[in-house]
Amino acid sequence: MFIKREPIQYWDLKGLVDEDLSTQFLENAKHHMKRHPRNSVEQPRYPFRVINTQTLQFERDNILYQKSYAVLSHTWTQVGSEVTFQTAHAALEQARKDSANPRFTPPNDSTDPGVLKLRKAIQAAKDLNYPYIWIDNCCIDKTDTLELIESIASMGDWYQNARVCIIYLDDFNEDNLITNDKLTRGADKTRWATRGWTLQEVVMCPDAVFYNKKWKVVADTRKPNAPRLELSKVCRVPAKMLCCGGTPNAAAALVLQIAARRKTFKPEDRAYSLMGILGVRMRADYGEGQTKAISRLFDRVLHTTGDVSIFNWAGIHSRCTGPGRSMYPADFQAFKHIDLIAKPAIALSPVTLNHIGVHARFDICKMKEITVEDDNFRTLKTLRLLDKSLRDSGKPTNVECSCTCDFAFFNDELIITTVLCSLQSLIAVLEGLENHNTRSGLQWVMARFSGIRDADWFLCEIKHDTPSFIDGVFTDTMNSMAGTHLGMPGTSNAGNSMQYLKDSEFLGRRVATDDLDQAAMPQTKEFIEHAYLWIG
């Protein structure tokens with residue numbers, strides 16, 4: 001289900017036609033398979049430098065270590081204890097001297113923890129017969145800004161092109177991760193499985209060897225019949241995403257849900273650590289903050305893969321407050337409790353993204369009745385009083401209110417949820433309900449991406465100040481294609497209708513809610529209309 005995306009194969013059809021290959025076709029036809037034409041243009045990416053496990057020196061010629069290096073996956077300790085690129089030279093020099101000394105005693109726990117980890121990792125790779133190893137803390141010169149930025153963007157490729165991932169569990173003391181087909185006590189509670197960067201490492205590397213605190217092998221995915229299900233519980237990933245050797249063919253929402261349970265030292269790294277596993281690239285910009293980094297990550301996912309499962313989130317305090325980005329969450333915690341979907345959800349109609357927001361074709365479901373805090377009249381009266389008090393006192397009125405709302409649908413289903421929206425928006429919506437005016441400035445509807453089975457419904461406020469002779473925001477472009485008259489000059493064909501809807505003032509904004517019962521939403525066409533909307 002989550003195996004990596006395999007490259008396209010290219011065959012010489014002329015050779016296949018000319019040669020008689022009626023028996024054992026694939027076996028005899030191998031020499032007609034052509035080299036991937038993009039290989040000469042786009043070469044695989046490898047680390048800038050690795051450590052030679054024999055000479056204990058840095059190696060920069062990636063022709064030597066292509067497909068022959070291991071990577072270390074570990075948790076960083078307190079600042080200053082890890083070996084850096086600057087301090088690694090002295091540590092490796094001392095290691096070379098020690099290895100040449102016949103009286104040298106192997107380092108023990110009293111040795112500097114960073115140096116000890118470096119030496120043990122090199123020895124582990126050497127014992128596994130890998131001539132090179134890449135270690136993130138000392139194989140990147142973090143004082144070189146350009147190198148650091150490119151390294152962060154390329155790490156997914158580096159993990160994918162490695163031979164094995166050496167996973168060091170520094171807080172696991174037992175001799176085996178799995179005993180009698182069951183997890184050993186504490187195996188699923190390691191600190192390593194809670195860190196953000198380790199997710200990409202264990203998913204994108206083709207194999208993994210696990211070590212305990214004493215650097216003893218406690219599990220190995222390279223072995224036949226390796227207990228992948230149990231090991232996936234140790235790593236806290238689905239079994240088929242464990243060591244899939246590349247970018248998994250999984251929904252972005254699933255990756256984000258897994259990432260929601262992990263942490264990073266720097267807030268921006270929550271987004272940067274997922275670039276490889278999501279198949280995107282962007283420039284790291286430390287200091288921009290977590291929300292901006294996540295927003296840029298979602299921009300790249302939408303532009304690169306078109307996977308709109310990134311919009312399947314919930315949480316009243318999770319919505320991004322940036323301009324034109326109400327469709328985005330501010331934190332991965334918004335995905336923590338959503339229903340899982342396995343494969344990417346690709347929109348069947350064009351999705352446009354710019355500073356205004358997201359433009360696409362949406363399914364629209366109106367509600368038969370909306371009740372706020374059990375009594376719309378009293379709630380509106382209270383909100384007006386709050387608004388007046390804030391104005392009279394000179395305080396800002398751009399405040400948000402949380403409230404409990406009952407949404408009744410035309411299929412006789414009822415959904416009760418908590419909503420968070422601005423004071424002014426809530427007043428405008430309630431005034432429209434009070435006057436029974438469906439053409440008021442603001443209206444609440446449920447919306448989702450059209451044509452996608454796994455797209456979730458979300459609450460959306462629609463702004464549509466339009467002339468009365470137009471059929472409003474719910475005009476379906478598809479009806480126009482069938483010849484339905486919109487009442488507007490120049491909209492007699494589909495192209496003009498789509499342009500009219502794109503250029504209209506129909507603006508939407510996602511309203512943050514707690515989880516919505518997706519099963520209770522109307523599913524039949526009689527309750528669902530369609531519209532092209534900008535949701536900003």
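Residues numbered from 1 in each chain as written. Predicted model: local features only at pLDDT ≥ 70, side-chain atom pairs only at ≥ 80, totals over all residues. Heavy atoms only, no water.

Turning to the confidence of the model for the protein chain, a few remarks are in order. Overall, the predicted model of the protein chain reaches an average pLDDT of 84, with 80% of residues at or above 70. Of the regions scoring below 50 in pLDDT, residues 466–505 engages in 61 contacts with residues more than four places distant in sequence or in other chains. (pLDDT = per-residue confidence, 0-100. Contact = heavy atoms within 4.5 Å.)

What follows deals with helix H9 (residues 252–259). Counting buried positions along H9 yields eight of eight residues, so the element is predominantly enclosed. Residues of H9 that are buried: Ala 252, Ala 253, Leu 254, Val 255, Leu 256, Gln 257, Ile 258 and Ala 259. In this structure, the buried side of H9 is in contact with helix H7 (196–204), helix H10 (269–272), helix H11 (275–278) and helix H12 (290–304). (Buried < 20%, exposed > 50% of the residue type's maximum accessible area, 1.4 Å probe, protein only. Helix = DSSP H or I, 4+ residues; strand = E, 2+ residues; numbered from the N terminus.)

With that settled, consider the packing of helix H6 (residues 145–161) against H7. For any two helices packed against each other, one specifies the inter-axial angle together with the distance between the axes. In contact at an axis separation of 8 Å, H6 and H7 are set at 30 degrees when each is read in the N-to-C sense. Both H6 and H7 take part in a crossing whose hand is right-handed. Residues Ile 152, Met 155, Gly 156, Tyr 159 and Gln 160 of H6 lie in contact with H7, whose contacting residues are Trp 197, Gln 200, Glu 201 and Met 204. Split by residue class, the contact of H6 with H7 holds five nonpolar, three polar and one charged. (Axes fitted to C-alpha atoms, helices over the stretch in contact; angles between N-to-C directions. Left-handed = near helix turned anticlockwise from the far one by under 90°. Nonpolar A, V, L, I, M, F, W, Y, C, P; charged D, E, K, R; others polar.)

This part covers the pattern of salt bridges. The full count for this structure, using the stated rule, is 20 salt bridges. Residue Glu 288 is joined to Arg 296 by a salt bridge in which the shortest nitrogen-to-oxygen separation is 2.7 Å. With a closest N to O distance of 3.0 Å, Asp 363 and Arg 448 form a salt bridge. Of this pair, Asp 363 sits in strand E13 (residues 358–365) while Arg 448 sits in strand E17 (residues 442–449), and the two are 85 residues apart along the sequence. Judged by relative accessible area, Asp 363 falls into the buried class, the value being 6%. Relative accessible area serves as the criterion here: at 13%, Arg 448 is assigned to the buried category. Several salt bridges converge on common partners, so that one network encompasses Arg 45, Asp 157 and Arg 281. (Salt bridge = Lys/Arg side-chain N within 4 Å of Asp/Glu carboxyl O.)

The next subject is unusual backbone geometry. Here Arg 236, not a glycine, exhibits a phi torsion of approximately 60 degrees, which is positive. Structurally, the position occupied by Arg 236 is in the loop between helix H8 (228–235) and H9. For Asp 412, which is not glycine, the phi dihedral falls at a positive 70 degrees. Overall, the relative accessible area of 66% leaves Asp 412 in the exposed class.

Bringing the sheet that holds strand E20 (residues 512–513) into the picture now. With antiparallel pairing, four strands are arranged side by side in an open sheet as E14-E15-E16-E20. For this open sheet the edge positions go to strand E14 (369–372) and E20, each flanked by a neighbour on one side alone. In the packing of helix H13 (residues 376–392) onto the sheet, contacts are made with E14 and strand E15 (400–408), and the angle to E14 comes to roughly 55 degrees. In the packing of helix H14 (residues 423–434) onto the sheet, contacts are made with E14, E15 and strand E16 (414–422), and the angle to E16 comes to roughly 130 degrees. (Pairing = 2+ DSSP bridges.)

With 15 residues, H12 ought to run about 21 Å at 1.5 Å a step, and its terminal C-alpha atoms sit 21 Å apart, in line with that. Taken together, the buried positions of H12 are occupied by Gln 290, Ala 293, Ile 294, Ser 295, Leu 297, Phe 298, Asp 299, Val 301 and Leu 302. Looking at the buried side of H12, the elements it contacts are H9, H10, H11 and strand E12 (352–353). Looking one or two places after H12, you find Gly 306, whose phi comes out positive at around 70 degrees. (Expected span 1.5 Å × (residues − 1).)

Tallied over the entire structure, the rule returns 18 aromatic pairs. Pairing Phe 58 with Phe 85 gives two aromatic rings, centres 5.5 Å apart and planes at 50 degrees, and the pair type is tilted. Of the two residues, Phe 58 is situated in strand E4 (residues 58–59) and Phe 85 in helix H4 (residues 85–100); the sequence distance between them amounts to 27 residues. This pair shows no difference in class: Phe 58 is buried, exactly as Phe 85 is. Ring centres 5.3 Å apart and planes at 85 degrees place the aromatic pair Phe 298 and Tyr 328 in the edge-to-face group. Of this pair, Phe 298 sits in helix H12 while Tyr 328 sits in the loop between H12 and E12; the two residues are 30 residues apart in sequence, bridging distant segments of the chain. Owing to a relative accessible area of 0%, Phe 298 belongs among the buried residues under this scheme. Three or more aromatic residues joined by ring pairs form one cluster here, namely Phe 298, Phe 311, Tyr 328, Phe 335, Phe 362, Phe 449 and Phe 458. Positioned above the aromatic ring of Trp 313, the side-chain terminus of Arg 510 is 3.9 Å from the ring centre. (Phe/Tyr/Trp six-rings, centres within 6.5 Å; stacked < 30°, edge-to-face > 60°. Lys NZ or Arg CZ within 6 Å of the ring centre and 35° of its normal.)

Attention shifts here to the pairing of strand E5 (residues 69–73). Counting buried residues in E5 gives five out of five residues, a clear majority hidden from the surface. Neither face of E5 is left uncovered, since the one carrying Tyr 69, Val 71 and Ser 73 and the one carrying Ala 70 and Leu 72 both have all their residues buried. Across three bridges, E5 lies against strand E6 (residues 132–134) in parallel orientation. Each bridged residue has a counterpart across the sheet, and for Val 71 the counterpart in E6 is Trp 134. Taken together, the four bridges between E5 and strand E7 (residues 164–168) define a ladder with parallel strand orientation. Residue pairing across strands places Val 71 opposite Cys 165, the latter belonging to E7.

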